[in-house]
Amino acid sequence: MARIVPRTEMTLVEKAYIPEIARGLKVTMGHFLKGFFKPESIPVKHYPEVEPFVPRDYRSRHRLMKRPDGEPRCVACFMCATACPANCMTIEATSSDDDRIEKKPSKFEIDQLVCVFCGLCVEACPVDAIRMDTKKMAFAADKRETFKVGLEDLMDWDPKDYPESDIQSQKAPGGTLNAQARKEWGLQ
Amino acid sequence: MSNFYHMPVLPKPDAKKVTINVDGADVEVPEGTNLVEALKTIGIDTPHFCYHQDLPVSGNCRQCMVETDGPRGMGLAIACYTPVRAGMKVATDRSSDKVKQARQAVMEFQLANHPLDCPICDKAGECSLQDNYMAAGRHESRMREDIGKLYKGSPEFRHEDAKGQERGGKHVDLGPTVILDQERCILCDRCVRFMRSVAGEEQLYINQRGDHAFLSTFPGMELKHDYDLNVTDICPVGALTGKHFRFRQRVWNLSKTETIDPFDSLGANITVEHNDGQAWRIMPRRNPEVNKSWISNRTRLEYQKLSKDRLTAGSFQKAEVPLAQAVARAGELVRGARKVAVVASGTLTLEDNAALQALVAGLDKKAELFSGSWAKVGSPDGIAQSGDPVGNRLGLKLLGISENLDELVARAKEFDVLLVAGHDLWALDAQKAKALEAIPERIVLSPWHDATTAKATLSVGVRAWAEVRGTMVNCQGRIQMLNAAPILPSPDLEPVWQVVSSIGKLGWTSELDAYKAAQAGIPALAGINYRGIGSQGRLLEGVVA
Ligand code: SF4
Ligand code: SF4
Ligand code: SF4
Ligand code: FES
């Protein structure tokens with residue numbers, strides 16, 4: 001059965017057109033004058049001049065975690081690529097130079113134009129090798145190819161940008177726990 | 001006691017049936033078979049590790065437990081070595097808790113000291129241990145992580161990992177083709193039995209006993225055999241991996257195309273496994289009448305050539321030209337020639353050769369068809385190769401194409417155009433092929449840059465064997481299908497029959513047209529269509545005595 005939504009009829013003033021235009025302009029001009037004379041009162045973010053607050057668990061650009069010796073933690077198991085709904089990860093595996101480790105990636109590429117930033121790769125990783133906690137959420141480039149980030153880019157991060165409580169990050173070279181981790185790992 | 005066990009009796013389609021009682025219901029199963037096979041015929045899969053259809057039964061893993069009736073009532077027995085007997089009672093995990101518990105207990109033992117390697121294990125996705133765990137395992141663990149594991153492995157390979165746990169033998173190099181992970185081995189001894197009973201060269205054995213046991217090669221020996229990569233297929237776990245495929249792909253990302261090996265006249269049944277337009281490996285496809293479950297290393301590595309040195313365009317007077325232009329030029333040359341010599345090939349399908357035949361017939365007296373091969377013919381190795389590298393030799397014979405290549409060499413001067421398809425004549429016998437250089441226009445259809453395309457005046461790239469759909473007749477007189485995997489190096493490449501159809505203006509649009517032409521020439525093919533050939537091939541009546 002059709003449902004009839006009653007229309008409200010226009011009043012005489014509304015029908016007269018001019019007063020309504022004036023009313024609308026009053027709102028517009030009000031904002032304009034307020035912004036002109038008291039700009040600090042406008043609720044805007046000064047992006048990109050001022051860095052916005054991004055929480056740590058915001059799904060931002062990926063990074064690959066590092067072992068104490070700076071090698072990727074990634075064991076090239078393809079779990080992330082298998083879980084990826086956008087099919088944007090290209091991994092190639094090779095055997096590791098460290099005898100105690102079986103596999104490592106020789107190529108690890110994420111096409112960030114294709115990535116949907118769902119975080120499923122992070123969930124899938126069995127060894128905490130990939131994370132999306134870099135807080136980087138805007139990246140620009142002038143070529144499609146540049147959006148494909150590789151092993152080197154993904155491992156290019158500094159433990160100092162991560163909190164002390166992030167043990168995994170601090171174990172990487174340059175981190176506060178690196179020396180201890182290297183000893184446990186059997187390195188000098 | 002001998003180390004040689006009995007081969008399993010497999011159900012034959014015409015086998016006599018006996019009635020047994022499974023989980024309380026009377027069913028008919030083939031006589032004489034073991035319970036794993038008998039239960040499979042009625043749709044019950046029994047989890048197992050050590051049993052393999054084409055290997056002697058050794059019954060050591062105990063995963064295939066069922067209950068059967070004996071003198072002391074119902075009791076556990078291994079299904080892989082218990083033959084069916086009329087009137088016997090069988091209880092599977094569907095009705096018996098005891099069977100369920102027995103299988104869980106075996107599974108728990110198998111996994112107690114098994115490494116947690118699945119993410120980095122090449123077998124993951126096709127691993128019996130994973131499958132059987134899902135089917136029959138105890139899904140809550142009773143293991144204590146603080147105690148750790150006692151990993152298997154020979155003393156010389158023991159080492160401590162980064163967490164201080166003692167590990168066994170990882171990536172042990174067994175020989176030129178295979179790598180062993182002793183920790184992952186479940187000691188099913190399939191590989192040992194394969195080398196002993198199928199390959200006929202004992203190179204592997206299980207060293208020591210109990211939880212000290214590990215697999216290794218005999219002292220001073222390595223694993224080296226023309227068929228040794230088959231152990232990586234039959235290994236139910238990721239203990240044996242082939243160097244050619246190790247770490248290349250995860251198996252769940254691969255699609256499979258069923259085809260056959262065209263470079264041996266037995267035509268071993270295989271699957272080409274590929275993704276993203278590239279072939280990554282070749283696996284055997286079981287055909288009890290042809291190659292059982294085995295393929296030679298040569299067959300298995302044939303995929304590597306599919307992406308190497310491919311001729312993806314045409315070439316005319318040493319300059320690359322687009323394919324369409326090369327084909328058009330070939331057509332002009334052939335049709336305008338005084339006398340054409342066409343060479344058919346036994347490594348091409350019936351369809352391709354039927355097209356060459358039709359081309360010659362269409363040119364009337366102007367063309368002559370030659371065939372044959374200068375490839376060396378070996379002898380059957382008794383496993384999965386006949387030794388004759390010309391896969392479709394019998395098919396050519398059935399088409400009535402005679403082996404008269406040497407006659408062409410003798411009469412080369414009579415011709416002014418030569419058309420060679422699917423034959424690397426100059427590589428097989430450069431001496432004899434030299435005479436063919438007297439023919440001024442030499443057109444070569446080839447998937448690869450090879451010695452023959454180097455001598456061509458006009459070469460045309462065509463699809464390789466794994467990229468075409470067609471048929472071949474193997475040395476047993478069995479017609480078998482080749483299927484096209486989507487791995488073309490260039491989308492413009494056409495199969496030989498199509499190029500020939502363009503050259504001769506035959507107007508064929510699909511391989512079915514070509515197959516029909518082949519059918520017209522071979523009476524034994526009457527009434528057999530592609531579907532009738534099926535995945536296991538079809539023996540042609542009266543072709544081989
Ligand atoms: S899931 Fe983790 S370990 Fe596996 S390939 Fe991805 S990043 Fe590497
Ligand atoms: S053999 Fe490999 S895939 Fe199978 S259970 Fe063991 S580690 Fe996992
Ligand atoms: S290596 Fe594989 S096939 Fe050989 S005994 Fe071990 S598990 Fe069985
Ligand atoms: S399959 Fe029966 S004991 Fe191994």
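What counts as what
Residues numbered from 1 in each chain as written. Chains lettered and ligands numbered in written order. Predicted model: local features only at pLDDT ≥ 70, side-chain atom pairs only at ≥ 80, totals over all residues. Heavy atoms only, no water. Domains from an automatic or database assignment. Near = heavy atom within 4 Å. Nonpolar A, V, L, I, M, F, W, Y, C, P; charged D, E, K, R; others polar. Helix = DSSP H or I, 4+ residues; strand = E, 2+ residues; numbered from the N terminus. Buried < 20%, exposed > 50% of the residue type's maximum accessible area, 1.4 Å probe, protein only. Contact = heavy atoms within 4.5 Å. Buried area = accessible area lost by both parts, 1.4 Å probe. Salt bridge = Lys/Arg side-chain N within 4 Å of Asp/Glu carboxyl O. Polar contact = N/O pair within 3.5 Å; in protein donor to acceptor, adjacent residues only side chain to side chain. Phe/Tyr/Trp six-rings, centres within 6.5 Å; stacked < 30°, edge-to-face > 60°. Lys NZ or Arg CZ within 6 Å of the ring centre and 35° of its normal.

Caption draft 1: A look at the domain arrangement of chain A. Under the domain assignment used here, chain A contains domain 1 (12–44) and domain 2 (63–185). Spacing between the C-alpha centres of domain 1 of chain A and domain 2 of chain A amounts to 52 Å.

Caption draft 2: A look at the domain arrangement of chain B. Segmenting chain B into domains produces domain 1 (17–112), domain 2 (145–247) and domain 3 (310–539). Each of domain 1 of chain B and domain 3 of chain B has a C-alpha centre, and the two are 51 Å apart.

Caption draft 3: Region of the structure containing the site of ligand 1. Taken together, 14 residues form the shell around ligand 1, and within it Cys-74, Cys-77, Phe-78, Cys-80 and Cys-125 of chain A come nearest. Of the residues contributing to the shell around ligand 1, the split by class is 14 nonpolar, no polar and no charged.

Caption draft 4: Up close: unusual backbone geometry. The residue after Tyr-47 of chain A, namely Pro-48 of chain A, is reached through a cis peptide bond having omega 10 degrees. The topology assignment puts Pro-48 of chain A in the loop between helix H2 (18–37) and strand S1 (63–64). Of note, Gln-208 of chain B is a non-glycine position whose phi angle comes to about 65 degrees, a positive value. Overall, the relative accessible area of 43% leaves Gln-208 of chain B in the partly exposed class.

Caption draft 5: Expanded view of the interface of chain B and chain A. Between chain B and chain A, the contact holds 16 residues from the first and 16 residues from the second. When chain B packs against chain A, the two sides together hide about 1,300 Å² of surface, and 63% of this comes from carbon and sulfur. On the chain B side of the interface with chain A, the three residues burying the most area are Ile-120, Ala-162 and Phe-247 of chain B, jointly 42% of the side's total. The tally of links from chain B across to chain A stands at two salt bridges. One salt bridge connects Arg-184 of chain B with Glu-102 of chain A, and the closest N-O pair in it is separated by 3.4 Å. Across the chain B-chain A interface, the total number found is four residue pairs in polar contact (both at pLDDT 80 or more).

Caption draft 6: Geometry of the site of ligand 2. Every residue close to ligand 2 is listed here: His-114, Asp-117, Cys-118, Cys-121, Ala-124, Cys-127, Leu-129, Gln-130, Val-237 and Gly-238 of chain B. Its residues assigned to classes, the shell around ligand 2 shows six nonpolar, three polar and one charged.

Caption draft 7: Structural detail: the packing of aromatic side chains. Residues and elements named next belong to chain A. For the coordinates displayed, the defined rule picks out nine aromatic pairs over all chains. Measuring from ring centre to ring centre gives 5.6 Å for Trp-157 and Tyr-162, while their planes differ by 80 degrees; the resulting arrangement is edge-to-face. Residue class for Trp-157 comes out buried when judged on its relative accessible area of 10%. On the basis of relative accessible area, Tyr-162 is assigned to the buried category, the value being 7%. Following the ring pairs from residue to residue traces out a cluster consisting of Phe-32, Phe-36 and Phe-37. Between Arg-63 and the ring centre of Trp-157, over which it is positioned, the NZ or CZ distance is 4.4 Å. Directly above the aromatic system of Trp-157 lies the positively charged group of Lys-66, at a separation of 4.6 Å from the ring centroid.

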